[in-house]
Amino acid sequence: MSLTVKELVEVAHRLGAYGYFPATSGNLSIREPGDTLRMRVSVSGIDKARLSEADLLFVDENLMPYEKDARKPSAEAIVHVHLYQQSDAMCILHVHTLSNNLIAQRYEARGSVPLFGNELLKALGHWEDDARIEVPMVENYSDLNKLATAVAAAYNPEVPGVIVKQHGIYVVGRSVAETLRHLEAFEFLFALALKRDVHS
Ligand SMILES: CSCCC(=O)C(=O)COP(=O)(O)O
Ligand SMILES: [Zn+2]
């Protein structure tokens, strides 16, 4: 097993232990190095908390398998393709959590989620004093091509994630470890903002 694939499998187990993959939701991928867009993406419909290396299918940008497998790649693999085309990401993690759903609801009218006033903004690449970012949000289109286009269009290179309302978040990074750091920071900051709102 390559180091990166092993890392991705370990991350899946860690996120599963956090309860971030309820009811078989969520998906994960890594991009293969090189100019051609090829990725390893999770099989659709399985419990990602129990992901194994064999559950990471080899697909190209047209979602065609380049290693034979009868199983289907994630229904949302097209979102991964569009995000890879729009960014310098090498890994994408998608999770449905209580915090990312509640914060999306809280800021639905605003159309983005403001994050500010906490040290963990540094884990998202924002080291400036008084750092403040807006996490973009898109509608939860059932047409997955439309969803993929909307997520890629909303992506801001300064903010490594895009929220899908009533659904979850896509998080990107240039390595598995960086993507995990981004995801953990987002989820911490969402939980903090929700509690801060309740008590303010
Ligand atoms: C049962 S969750 C609904 C589909 C979804 O949003 C998701 O993240 C999982 O889809 P996949 O095809 O990757 O299993
Ligand atoms: Zn999903």
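Numbers given to residues run from 1 along each chain, matching the order in which its sequence is written. A letter from A marks each chain and a number from 1 marks each ligand, given out in the order of writing. In view of the model being predicted, local features appear only for residues whose pLDDT reaches at least 70, and side-chain atom pairs are presented and counted only at 80 or more, with totals across whole chains, interfaces and linings using the full set of residues. To get the side-chain values, take all heavy atoms of the structure and skip hydrogens and water.

### Re the UniProt feature "binding site: Zn(2+)" (unreviewed entry) in the protein chain
- UniProt positions are given in the numbering used here, feature names are shortened, and annotations may be inferred rather than shown by experiment. Those residues carrying the UniProt feature "binding site: Zn(2+)" (unreviewed entry) are H94 and H96 in this numbering.
- Here a strand is any run of E in DSSP of at least two residues, a helix any run of H or I of at least four, and the numbering for each starts at the N terminus. Among the secondary structure elements, H94 is positioned in strand 4 (residues 91–95).
- Relative accessibility decides the category of a residue: with a 1.4 Å probe and only protein chains considered, values under 20% of the type maximum give buried, values over 50% give exposed, and everything between is partly exposed. Taking relative accessible area as the criterion, H94 reaches 1% and is therefore assigned buried.
- Setting aside residues no more than four positions away along its own chain, H94 makes contact with F21, G26, N27, E76, H167, G168, I169 and Y170.
- Counting of polar contacts relies on pairs of N or O atoms within 3.5 Å, with two restrictions inside protein: one atom must be capable of donating a hydrogen and the other of accepting it, and residues adjacent in sequence are counted only when both atoms are side-chain atoms. In this structure the side chain of H94 is engaged in a polar contact, spanning 2.9 Å, whose partner is the side chain of E76. Contact between two residues is taken to exist if any of their heavy atoms lie within 4.5 Å; hydrogens are not considered.

### A closer look at the coordination of the zinc ion (ligand 2)
- Here a donor is an N, O or S atom found within 2.8 Å of the metal, or within 3.2 Å if the metal is Na, K or Ca; sites may look incomplete because water is not among the atoms. In this structure, E76 (OE), E76 (OE), H94 (NE2), H96 (NE2) and H167 (NE2) serve as the protein donors to the zinc ion (ligand 2), at separations of 2.1 to 2.8 Å.
- A relative accessible area of 12% places E76 in the buried class.
- Judged by relative accessible area, H96 falls into the partly exposed class, the value being 21%.

### Section: the packing of helix 2 (residues 77–86) against helix 4 (residues 144–154)
- Here an axis means a line fitted to C-alpha atoms, over the contact stretch when the element is a helix, while the angle between two N-to-C directions is reported on a 0 to 180 degree scale. Close contact between helix 2 and helix 4 brings their axes to 8 Å; oriented N to C, the two are set at 25°. Taken together, the axes of helix 2 and helix 4 are roughly parallel relative to one another. Of the two possible hands of crossing, helix 2 and helix 4 adopt the one that is right-handed. Along the contact surface, helix 2 presents I78, V79, H82, L83 and Q86, while helix 4 presents L144, N145, L147, A148, T149, V151 and A152.
- Each residue belonging to the contact of helix 2 with helix 4 can be placed in one class, and the counts come to eight nonpolar, four polar and no charged. An angle below 35 degrees is treated as roughly parallel, one above 145 as roughly antiparallel, one from 65 to 115 as roughly perpendicular, and anything else as oblique. Helix crossings get a hand from a simple test, with the near helix turned counterclockwise from the far one by less than a right angle marking a left-handed crossing and a clockwise turn marking a right-handed one. Residues are grouped as follows: Ala, Val, Leu, Ile, Met, Phe, Trp, Tyr, Cys and Pro are nonpolar; Asp, Glu, Lys and Arg are charged; every other residue, Gly included, is polar.

### Thoughts on the environment of A12
- Looking at the element boundaries, A12 is found in helix 1 (residues 3–18).
- Ignoring anything within four residues of it in the chain, the contact list for A12 reads F21, L28, K48, A49 and L51.

### Points about a negative patch on the surface
- Negative charge collects at one region of the surface, where E128, D129, D130 and E158 lie side by side.
- Among the secondary structure elements, E128 is positioned in the loop between strand 5 (112–116) and strand 6 (132–138).
- Owing to a relative accessible area of 42%, E128 belongs among the partly exposed residues under this scheme. Residues qualify for a patch when their relative accessible area is over 30% and they have no salt bridge, like charges being joined within 9 Å and the nonpolar side chains of Val, Leu, Ile, Met, Phe, Trp and Tyr within 5 Å. Residue burial considers only the protein chains on display, and all accessible areas are found by Shrake-Rupley using a 1.4 Å probe. Salt bridges are defined as contacts in which a side-chain nitrogen from Lys or Arg sits within 4 Å of a carboxyl oxygen from Asp or Glu. Neither His nor the chain termini are counted; the positive set is Lys and Arg, and the negative set is Asp and Glu. Throughout, a charge is located at the NZ atom of Lys, the CZ atom of Arg, the CG atom of Asp or the CD atom of Glu.

### Re the site of ligand 1
- The immediate surroundings of ligand 1 are formed by 14 residues, with S44, G45, K48, S74 and E76 found nearest.
- S74 is positioned with one of its side-chain polar atoms (N or O) 2.7 Å from an oxygen atom of ligand 1.
- Between an oxygen atom of ligand 1 and a side-chain N or O atom of H167, the distance comes to 3.1 Å.
- Alone, ligand 1 offers 400 Å² of accessible surface; in the complex the protein occludes 74% of this.
- A breakdown of the residues in the shell around ligand 1 according to their chemical character gives two nonpolar, ten polar and two charged. It suffices for a single heavy atom of a residue to lie within 4 Å of a molecule or strand for the residue to be listed as near it.

### Focus: the UniProt feature "domain: Class II aldolase/adducin N-terminal" (unreviewed entry) in the protein chain
- UniProt annotation of "domain: Class II aldolase/adducin N-terminal" (unreviewed entry) refers to residues 6–194 when read in the numbering used here.
- When the span residues 6–194 is considered, its composition is 33% helix and 22% strand, and the gap between its end C-alpha atoms is 34 Å.

### Some details on the sheet that holds strand 3 (residues 56–60)
- With mixed pairing, eight strands are arranged side by side in an open sheet as 3-2-1-4-8-7-6-5. Strands at the two margins of the open sheet, each flanked by one partner only, are strand 3 and strand 5. Here the average twist between neighbouring strands, direction ignored, is 20°.
- Pairs of strands are assigned from DSSP output, requiring at least two bridges between the strands. With three bridges connecting them, strand 1 (residues 27–31) and strand 2 (residues 38–42) associate as antiparallel partners. Each bridged residue has a counterpart across the sheet, and for R31 the counterpart in strand 2 is M39.
- In the packing of helix 4 onto the sheet, contacts are made with strand 6 and strand 7 (161–164), and the angle to strand 6 comes to roughly 165°.

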